[in-house]
Amino acid sequence: MKTLYILTALGVIAMLAEMFRFKKFLLPIVLIGLLGAIASSVKDWNTNIHYYNYMMTFDNFAILFTIVLCATAFLWFMMSQNFLDSDPIAIGSSKTDHYALVLFALCGGMIMVSYSNMVMLFLGIEILSIPMYVLAGSRKDSLSSNEASLKYFLMGAFATGFLLFGIALIYGATGTFDLKTLSYFISSSATVPTWKVSGAEPLLYAGILMMLIGLCFKISAVPFHFWAPDVYTGAPTPVTAFMATIVKTAAFAAFLRLFFTCFSGMGSVWMNTIWVLAALTILLGNITAVYQTSVKRMLAYSSISHAGYMLLAILAMNDHSLGSVLFYAAAYSVATIGAFTVLSIIENHQATRNQQPATVTFETLSGLAKQNKFLSFAMTISMLSLAGIPPLAGFFGKYYIFTSALQSGYVWLVLIAVLGSLIGVYYYFRIIIKMYSPSLTDLQAQPTAVEEKGELLSFAEVGWDLRIVLILTILLALLLGIFPDFIIRLI
Amino acid sequence: MTMYLFYFLAFLAILCGLMVILEKNPVHSVLYLIITFFALAGHYLLLNAQFLFIVQIMVYAGAIMVLFLFVIMLLNLNKETEPHKSNLVKFAAAISAGLLLVVLVAAMKGAETLPAPATTNADMGLVKNLGQVLFTQFLLPFETASLLFLAAMVGAVMLGKRDIK
C-alpha cells in the first residue's frame, strides 16, 4: 500500500514541478521515488496484507508484478526524457504533464496487479487507460497521433462497457464483488450453494464471458486487436513503448489474478474460448507482422503475438503458470524497451535531419551497423530476445510457458505457438540482417558518400542516459537468460 | 400499479433507445437519449434508490446531455458526411451482435427464479445507507476514484492548453 502512496505522491509532485520551478530535478526525484517504491514493496514480502476490507491484497504475486512495473517504468523514464526535452518536432505539451500522467497510469497498473475486489479492478483499468488515451494524442500537430488517441479512446470505452456489464452480471448472480467470496461460491461444489440450484448460473457464465472480452481488448488479443496497430503506430514512440510494456504487463497480471484465483473452478466455461483466442492471436499476429514495412508497426504486431504466448500460461493453470507469466512479462518488457529506445533514437535523428516526422522503415535501418555499432548491437540483442534465441531471456520465457502448457496437455496449442515463433524468427532476423548489410548509398560507393556519413548517426550522438538504458537492457536480457531460475523460484 | 409503471418505463426506455440509433438527425438522437435516461431514473425510483434517481437526472440527463448538444452544435454534424460502412463489416457486426443477444437471452432466461439477494433491504438506496456503505466498506474505491478524476483533469488540461514553443 505504501508503494501506491509513493507513486501517487510522485504524480502530484510532478504536477507541481512546473509551478515551483524544479523541473530540472524532476527526473532524479522520480527515479529515486521509483526505487523507493520498489524497496517499499520488497519490504512487504511474504506478509500477505489485506487493505480496507479486502479491496487490495499484497501477496507475493502482486509484489513481484509491482516490482516489474516499477523497474520497467524506471527504464522508461530514462529513455523518454531525452525526447520530452529536445523533440525537434515539438512534443506539443510540456514534460511535467507527461510525467504526472505516466505516474498516475503506473498507479493504475499497480492497482490492477494487487486488487482483490472487482470494483478496484475497474478503477485500476480506468486509471491506467485514461492517461494513455491522452498520451497517445500528445503530439497534437500530428494527424496520426490524434487518430490514435481517438481510436484508442472509443474502442477502450466500448471494451470497458463490456467489462462493466460482465461485473454487473456476476454481481447479479452471486451478490458479491469480492474475489475471495466469489471463488468460494464457484469452487465449493461439496456444499451446493443456493445459486447453483436457482438458475443463476447462466448469468454467471455470461458475466465471465463479458469480462473476458473486456480484458482481451486490453491485452489486444485477436480478434479484439484492431485498435492496436494504428494506436501503436500513431502514438509518439516513447508512449508506444509504455503501452507495449507496462500496460500489457499490468493487464496480464489482472487477467491472471481474476481467472487463475477466481474463475478457475469454472474452467469449462472459458477455457475453449481462450484456446481459440490464443491460437488466433499467435498465428494472425505473427503472419501479419511479416508483411509490415514500418518497424514500429511490425513491433506492434509482434506485441500482439506475444500476448498470445502469455495466454497459453493462463490456459495451462498449473503451478508454473504464475512464474512463467512473470518471467515472460519481465523478459518481454526489457527487450521491448530496448527496441523502442533504439527506434526512437533513429527516429529523432531522422526527424532532426529532415525537419519532419520520420517513419523508420526496414530500409532506414540498412547499414546501421556501419554507422553505429553500439545501437545495432543493442537492437540485435532485443530482437534475439524477442525471437526467443538462447541464452537470452526471451528463450527461457517461451520455454517456461510452453512447458507449463505441455504439462497441462495442450500439445496442439504448443505446436501452433512454436510455429508462430518460427515465423517470428523470420521478421526479427530481417531487422538484424538489414542492419548488418550495406545500405544502398554504400553500394553506389561515391566518394562524397563518406562526407555525408559524417552527418549520420554516430556514437557520440547517443546521450549518456540512453547509453545507460541500452546497456541495462542488454545486461538484463543476458542476466535473466543466464539465471532464469532466480525469478521463477520466487513465486 | 408498480408493475404497470415498470412495464411502461421499460417500454419507453427500449423504444427511445432504439430511436437514438435509428434517428438520422443527431440532435433528435440526443433528445431521445434524454428520455431514455429519464426512464432509467424512473426505474431507480421504483427500486427505492432515491440518491441514484437524483444523480441520474442531474448528471446524465442534465450535465452530460447539455455537453452532447453543445458538441453537436459546434461540430455542425447535421450534414450527411458520415462514410458508409461496407456490407462485409455490417454483416460481421450483425452476426456478432446477434450472438451477444443469444448469450444474454440465454443468461436471463433462468433469472426469474433467482433468489432475492441477501442484502434486500428496502431502504438500501437511501442516501444515509449508501453513504454508510461508501465510507466504510467501499472507502478505498471511493478515494481511489479521486485519483482517476485527477488524472483525467491533468489530461484534459494537457490536451486543451496552447503549445509553448
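It should be emphasised that the depicted structure is a prediction, and the values quoted were computed from it without experimental measurement.

Engineer: Run through the overall build of chain B, naming residues and quoting values.
Structural biologist: The number of helices and strands found in chain B is six helices and zero strands. Going from the N terminus to the C terminus, chain B shows its helices and strands as α-α-α-α-α-α. Split into buried and exposed, the 165 residues of chain B put 12% on the buried side. Of the contacts made within chain B by residues no fewer than 6 positions apart, 55% connect residues no fewer than 24 positions apart.

Engineer: Could you give an account of the overall build of chain A, naming the residues involved and the relevant values?
Structural biologist: Within chain A one finds 23 helices and two strands. The C-alpha atoms of chain A give a radius of gyration of 22 Å, which matches the 23 Å a tight globule of 491 residues would have. In terms of its C-alpha atoms, chain A occupies a principal-axis envelope of roughly 85 × 55 × 40 Å. Among the 491 residues that make up chain A, the fraction classed as buried is 57%. Contacts in chain A between residues far apart in sequence, at least 24 positions, make up 81% of those at least 6 positions apart.

Engineer: Explain the domain arrangement of chain B residue by residue, including any values.
Structural biologist: Residue and element names in this part refer to chain B. Taken as a whole, chain B is organised into domain 1 (1-77) and domain 2 (122-165). Tallying the contact residues gives six residues for domain 1 and six residues for domain 2. Of the residues in the side of domain 1 that touches domain 2, the class split is four nonpolar, two polar and no charged.

Engineer: Talk me through the nonpolar core; I want residue IDs and the actual numbers.
Structural biologist: For soluble globular proteins, nonpolar side chains are generally found buried alongside one another. Residue and element names in this part refer to chain A. By size, the foremost hydrophobic cluster in this structure holds 194 residues, and its most contacted members are Met112 and Leu312. The greatest single-element share of this core, amounting to 18 residues, is contributed by helix α14 (residues 321-354). Not counting chain neighbours up to four residues away, the residues in contact with Met112 comprise Leu121, Gly124, Ile125, Leu128, Ala250, Ala251, Ala253 and Ala254.

Engineer: Give a description of the confidence of the model for chain B that names residues and reports values.
Structural biologist: Taken residue by residue, chain B gives an average pLDDT of 85. The fraction at 70 or more is 86%. In the model output, the complex is listed with pTM 0.91 alongside ipTM 0.89.

Engineer: With reference to specific residues and values, describe helix α22 (residues 464-482) of chain A.
Structural biologist: Residues and elements named next belong to chain A. Along its 19 residues, α22 runs 27 Å from first to last C-alpha, staying within 8% of the 27 Å computed at 1.5 Å per residue. Burial in α22 covers these residues: Leu466, Val469, Leu470, Thr473, Ile474, Leu476, Ala477, Leu480 and Gly481. End-on view of α22: buried residues confined to an arc of 160°, all on one side of the axis. Away from the buried face of α22 by more than 90 degrees, exposed residues Trp464 and Leu475 are located.

Engineer: Explain helix α4 (residues 87-109) of chain B to me, using residue names and the numbers behind them.
Structural biologist: With 23 residues, α4(B) extends 32 Å from end C-alpha to end C-alpha; this agrees with the ideal 33 Å at 1.5 Å per step. Of all the 23 residues making up α4(B), one are buried; the element is thus mostly uncovered.

Engineer: Residue-level account of unusual backbone geometry, with values.
Structural biologist: Residue and element names in this part refer to chain A. Put simply, Val222 and Pro223 share a cis peptide bond, and its omega is 5°. Mapping Pro223 onto the fold places it in the loop between α9 (201-218) and α10 (227-234). With an omega of 5°, the peptide bond running from Pro390 to Pro391 counts as cis. With respect to the helices and strands, Pro391 occurs in the loop between α17 (373-387) and α18 (393-407). Of note in this structure, Asn48 is not a glycine but carries a positive phi near 60°. For Asn48, a count of 12 C-beta atoms within 10 Å gives the class exposed. The backbone phi angle of Met317 is positive, close to 50°, even though this residue is not glycine. As for its placement among the helices and strands, Met317 is situated in the loop between α13 (295-316) and α14. Judged by local crowding, Met317 falls into the partly exposed class, with 18 C-beta atoms found within 10 Å.

Engineer: Quick rundown of the confidence of the model for chain A? Include the residues and the values.
Structural biologist: Residue and element names in this part refer to chain A. Overall, the predicted model of chain A reaches an average pLDDT of 86, with 91% of residues at or above 70. Averaged pLDDT values over the elements of chain A bottom out at 43 in helix α21 (residues 447-455) and peak at 95 in helix α5 (residues 118-136). A low-confidence stretch, residues 446-454 stays under pLDDT 50, and its non-local contacts, those more than four residues away or across chains, total two contacts.

Engineer: Could you give me a rundown of the packing of α13(A) against α14(A), with the residues and numbers involved?
Structural biologist: Residues and elements named next belong to chain A. Viewed as axis vectors pointing N to C, α13 and α14 meet at an angle of 175°, and their least axial separation amounts to 10 Å. When the axis of α13 is compared with that of α14, the two are roughly antiparallel. In this structure, α13 contributes Val295, Lys296, Leu299, Ser303, His306, Tyr309, Met310, Ala313, Ile314 and Ala316 to the contact, and α14 contributes Ser321, Ser324, Val325, Tyr328, Tyr332, Thr336, Ala339 and Leu343.

Engineer: Any chance you could break down the packing of α18(A) against α22(A) for me, citing the residues and the numbers?
Structural biologist: Residue and element names in this part refer to chain A. Contact geometry of α18 with α22 gives a least axis separation of 7 Å together with a crossing angle of 40°. Overall, the two elements α18 and α22 adopt an arrangement that is oblique. Here α18 contributes Ala393, Phe395 and Phe396 to the contact with α22, which in turn contributes Ala477, Leu480 and Gly481. Along the lines of polarity and charge, the residues of the contact of α18 with α22 split into five nonpolar, one polar and no charged.

Engineer: Give me the lowdown on the environment of Leu466(A), citing residues and values where you can.
Structural biologist: When you line up the elements, Leu466(A) lands in helix α22. Ignoring sequence-local partners within four residues, the contact set of Leu466(A) consists of Met79(A), Asn82(A), Thr341(A) and Ile345(A).

Engineer: Describe the environment of Asn372(A), with residues and values.
Structural biologist: Secondary-structure assignment places Asn372(A) in the loop between α16 (368-371) and α17. In this structure the C-alpha to C-alpha distance between Asn372(A) and Glu201(A), which are 171 residues apart in sequence, comes to 61 Å.

Engineer: Break down the environment of Val334(A) for me, with residues and values.
Structural biologist: Residue and element names in this part refer to chain A. Structurally, Val334 can be placed in helix α14. In this structure Val334 comes out as buried when scored by C-beta crowding, with 29 C-beta atoms within 10 Å. Discounting residues that sit within four places of it in the chain, Val334 has contacts with Ala393, Thr473, Leu476, Ala477 and Leu480.

Cut-offs applied
- Residues numbered from 1 in each chain as written.
- Chains lettered and ligands numbered in written order.
- Predicted model: local features only at pLDDT ≥ 70, side-chain atom pairs only at ≥ 80, totals over all residues.
- Helix = DSSP H or I, 4+ residues; strand = E, 2+ residues; numbered from the N terminus.
- Buried ≥ 20, exposed ≤ 12 C-beta atoms within 10 Å, placed from the backbone.
- Contact = placed C-beta atoms within 7 Å.
- Rg over C-alpha atoms; globule rule 2.2 N^0.38 Å.
- Domains from an automatic or database assignment.
- Nonpolar A, V, L, I, M, F, W, Y, C, P; charged D, E, K, R; others polar.
- Core = buried A, V, L, I, M, F, W, Y, C linked by C-beta atoms within 7 Å.
- pLDDT = per-residue confidence, 0-100.
- Expected span 1.5 Å × (residues − 1).
- Arc of directions from axis to C-beta.
- Axes fitted to C-alpha atoms, helices over the stretch in contact; angles between N-to-C directions.
- Parallel < 35°, antiparallel > 145°, perpendicular 65-115°, else oblique.

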